[in-house]
Amino acid sequence: MSYHIATQTVHAGREDLTRLGVHATPIDLSSTYPTPDPNLAGESLDALVGGAEHAANPVYARLYNPTVARFEHALATLEGAEEAVAFGSGMAALTAVLLALQEHGRHIVAVRPLYGGSDHLLATGLLGTSVSFVDADDVADAIRADTALVLIETPANPTLHLVDIADVVRQAGTVPVLVDSTFATPILQRPLEHGAAMVLHSATKFLGGHGDVVAGVVACSAALAGKLRQVRILTGALLHPLGAFLLLRGLATLRLRVLAAEDNAILLANRLAQHPDVAAVHYPGRCRGRQAAIVHRQMSGPGCVLAFELHPGVDADRMLQSLRLITPAVSLGSVDTLIQRPAALTHRVVDPKARAASGVSEGLLRLSVGIEDAADLWADLQQAIEASGHGMAQAA
Ligand SMILES: *Cc1c(COP(=O)(O)O)cnc(C)c1O
């Protein structure tokens, strides 16, 4: 029986707890497991190293951990995927995907903007891949015989630019499409339903939701998941079981947190757009034309992250320093509101020309809206803007 998503967020990964006679998720911290039957242990090791989801004997924690498997099962359920594979960070998850697909070729097609670290990993070619950065409409033209992957991020970090998943999937043909859906979460967008082969999350962000765990996860077919587990065993990019426990706890409130923060984000986006010192607001809830049609087609809400630009004459960094409640910090998706200037921090590693061309202006500010009272958030933004500008608001 398949439950609604509100039920899934609370129960997925916990289905067997009543049968086990416990209520809280058990945390298994074993680094090794007893192997009284050497034959069974050997067969289990063969199976796990070959990519199996589980085996009779876990043998060693780099091969399998039951607490991590609970989180993976929960995330796969929420994304409507066969399986999911968790890693020690979002970047470790992307690394595993790039390594796992190299048997098909080493060329990647990607649409900018991407998270700064993802852009940097592709641009440096550290893992032996080469990349063609193209507009979303030009994906088909960029596909080559050795293209192993198409990578898109929607909504994109940090501009909130939207990419039509189904259209990119159509252009990619037989090449698998990976959607980084970190900003949307499975509450607002499920890329596999639109034909994507893989969905990636920096679980550090909304899935954890409380700013206290670094993790990544990929949801996909059983066949791809097996390859990712093989890479994870070889590279050791593991999620720690305590992190998996925190992520399962985070998932239980994911829907409530996303919906509450989204209400706040809608209000702040509208207020910012009316403020005389604000030059532009970028938010899926405020876009028009083709971008609005994409929101309608593939998202059930505009989400909890927005970006905005101040008029010249209002100093963005001074604005950040004038905030009293909102925390200037990288990362996003926490219960509390965070703000940062991508050109100075998260996207500092991206080639400045490419950065500007993809809409990441020097003054762009990215705001990850939390679940505080919206009136307090707006009052803080307003006082900080007015403390750092030429007072157009007062003159108006
Ligand atoms: C943060 C982030 C990443 C990287 O994840 P880490 O957990 O920091 O390694 C990847 N993609 C997006 C969209 C992100 O915001």
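Everything numeric in this text was worked out from a predicted model, so none of it was measured.

1. A word on the pattern of salt bridges
Summed over all chains, the structure comprises 13 salt bridges. Between Arg70 and Asp16 there is a salt bridge; the shortest N-O distance is 2.7 Å. Taken together, the residues span a long stretch of sequence, with Arg70 in helix α4 (residues 66–79) and Asp16 in the loop between α1 (5–11) and α2 (17–20) at a distance of 54 residues. Arg70 sits in the buried class, given a relative accessible area of 13%. Notably, a salt bridge pairs Arg112 with Asp119, separated by 2.7 Å at the nearest N-O pair. Judged by relative accessible area, which is 23%, Arg112 ranks as partly exposed. Overall, the relative accessible area of 2% leaves Asp119 in the buried class. Three or more residues joined by partner-sharing salt bridges are found here, namely Asp317, Arg341, Arg355 and Glu362.

2. Focus: the domain arrangement of the protein chain
Partitioning the protein chain into structural domains gives domain 1 (5–251) and domain 2 (255–388). One C-alpha centre belongs to domain 1, the other to domain 2, and the line joining them spans 27 Å. Between domain 1 and domain 2, the contact holds 40 residues from the first and 38 residues from the second. Around 3100 Å² of area is buried between domain 1 and domain 2 when both sides are counted, 62% of it from carbon and sulfur atoms. When the area that domain 1 buries against domain 2 is broken down by residue, the three leading residues are Leu162, Leu188 and Phe206, summing to 24%.

3. Describing the site of the ligand
As a matter of local geometry, the ligand sits amid 13 residues, with Met91, Asp180, Ser202, Thr204 and Lys205 nearest to it. Between Gly90 and the ligand, the recorded distance is 2.9 Å, taken from a backbone N or O atom to an oxygen atom. Asn157 is positioned with one of its side-chain polar atoms (N or O) 3.0 Å from an oxygen atom of the ligand. Against a free-state accessible area of 380 Å², the protein chains account for coverage of 92% of the ligand.

4. With respect to the sheet that holds strand β10 (residues 327–328)
Sheet strands line up and pair through hydrogen bonds in the backbone, either parallel or antiparallel. If you walk across this open sheet you meet the 5 strands as β8-β9-β12-β11-β10, and the pairing is mixed. One side of each edge strand has no neighbouring strand; the edge strands of this open sheet are β8 (278–282) and β10. The pairing of β8 with strand β9 (residues 305–310) spans 4 bridges and is classified as antiparallel. Looking at β9, one finds that Ala280 is bridged to Glu309. In the packing of helix α12 (residues 254–274) onto the sheet, the strands contacted are β8, β9 and β12 (365–368), and the crossing angle to β9 comes to about 15°.

5. Some details on empty space enclosed by the protein
Applying the stated rule across the entire model yields 2 cavities of 30 Å³ or more. What the largest cavity holds in volume is close to 50 Å³. Together, Phe206, Gly209, Arg257, Ala261, Gly333, Ser334, Val335, Val369, Gly370 and Ile371 line the largest cavity. Counted by class, the lining of the largest cavity contains 5 nonpolar, 4 polar and 1 charged residues. When its volume is computed, the second largest cavity comes out at roughly 40 Å³. Every residue lining the second largest cavity is listed: Arg112, Pro113, Leu114, Asp119, His347, Val350, Arg355, Ser358 and Val360. Of the residues belonging to the lining of the second largest cavity, the class tally is 4 nonpolar, 2 polar and 3 charged.

6. Describing the nonpolar core
Phe71, Val150, Ile152, Val177, Leu207, Leu239 and Leu247 are the most contacted members of the largest nonpolar core, which has 59 residues in total. Ranked by residues supplied to this core, first place goes to α4 with 6 residues. A domain-level breakdown of this core finds at least three residues from each of domain 1 (5–251) and domain 2 (255–388). Ignoring any residue separated from it by four or fewer positions in sequence, one finds Val177 in contact with Val150, Ile152, Val168, Val169, Ala172, Ala196, Ala197 and Met198. By size, the runner-up hydrophobic cluster in this structure holds 29 residues, among which are Val85, Leu94, Val97 and Ala100.

7. Description of helix α16 (residues 374–387)
Taking 1.5 Å per residue, 14 residues should reach 20 Å; α16 reaches 20 Å between its end C-alpha atoms and fits that length. Looking only at α16, the buried set comprises Ala374, Leu377, Trp378, Asp380, Leu381, Gln383, Ala384 and Ile385. Buried residues along α16 sit against α12, β8, β9, α14 (316–322) and β12. Capping the start of α16 is the job of one residue whose side-chain oxygen sits 2.9 Å from the backbone nitrogen of Ala375: Asp373.

8. Comments concerning a nonpolar patch on the surface
On the surface, a nonpolar cluster with roughly 260 Å² of combined accessible area is contributed by Ile27, Leu29 and Leu242. Looking at where Leu242 falls in the secondary structure, it is placed in helix α11 (residues 241–252).

9. Here's the deal with the packing of α4 against α11
Running from N to C, α4 and α11 point in directions that differ by 35°, and their axes come no closer than 8 Å. Considering the relative orientation of α4 and α11, their crossing is left-handed. Residues Thr67, Val68, Arg70, Phe71, Ala74, Leu75 and Leu78 of α4 pack against Pro241, Ala244, Phe245, Leu247, Leu248 and Leu251 of α11. Among the residues making up the contact of α4 with α11, the classes are represented as 11 nonpolar, 1 polar and 1 charged.

Conventions used here
Residues numbered from 1 in each chain as written. Predicted model: local features only at pLDDT ≥ 70, side-chain atom pairs only at ≥ 80, totals over all residues. Heavy atoms only, no water. Salt bridge = Lys/Arg side-chain N within 4 Å of Asp/Glu carboxyl O. Helix = DSSP H or I, 4+ residues; strand = E, 2+ residues; numbered from the N terminus. Buried < 20%, exposed > 50% of the residue type's maximum accessible area, 1.4 Å probe, protein only. Domains from an automatic or database assignment. Contact = heavy atoms within 4.5 Å. Buried area = accessible area lost by both parts, 1.4 Å probe. Near = heavy atom within 4 Å. Polar contact = N/O pair within 3.5 Å; in protein donor to acceptor, adjacent residues only side chain to side chain. Areas by Shrake-Rupley, 256 points an atom, 1.4 Å probe, with all protein chains shown as cover. Pairing = 2+ DSSP bridges. Axes fitted to C-alpha atoms, helices over the stretch in contact; angles between N-to-C directions. 1 Å grid on protein atoms, 1.4 Å probe; cavity = no way out; pocket = protein on both sides within 12 Å on 5 of 7 lines; lining within 4 Å. Points joined across faces, edges and corners; volume = space filled by probe spheres on them. Nonpolar A, V, L, I, M, F, W, Y, C, P; charged D, E, K, R; others polar. Core = buried A, V, L, I, M, F, W, Y, C linked by side-chain atoms within 4.5 Å. Expected span 1.5 Å × (residues − 1). Patch = residues over 30% accessible without salt bridge, like charges linked within 9 Å, V, L, I, M, F, W, Y side chains within 5 Å. Left-handed = near helix turned anticlockwise from the far one by under 90°.

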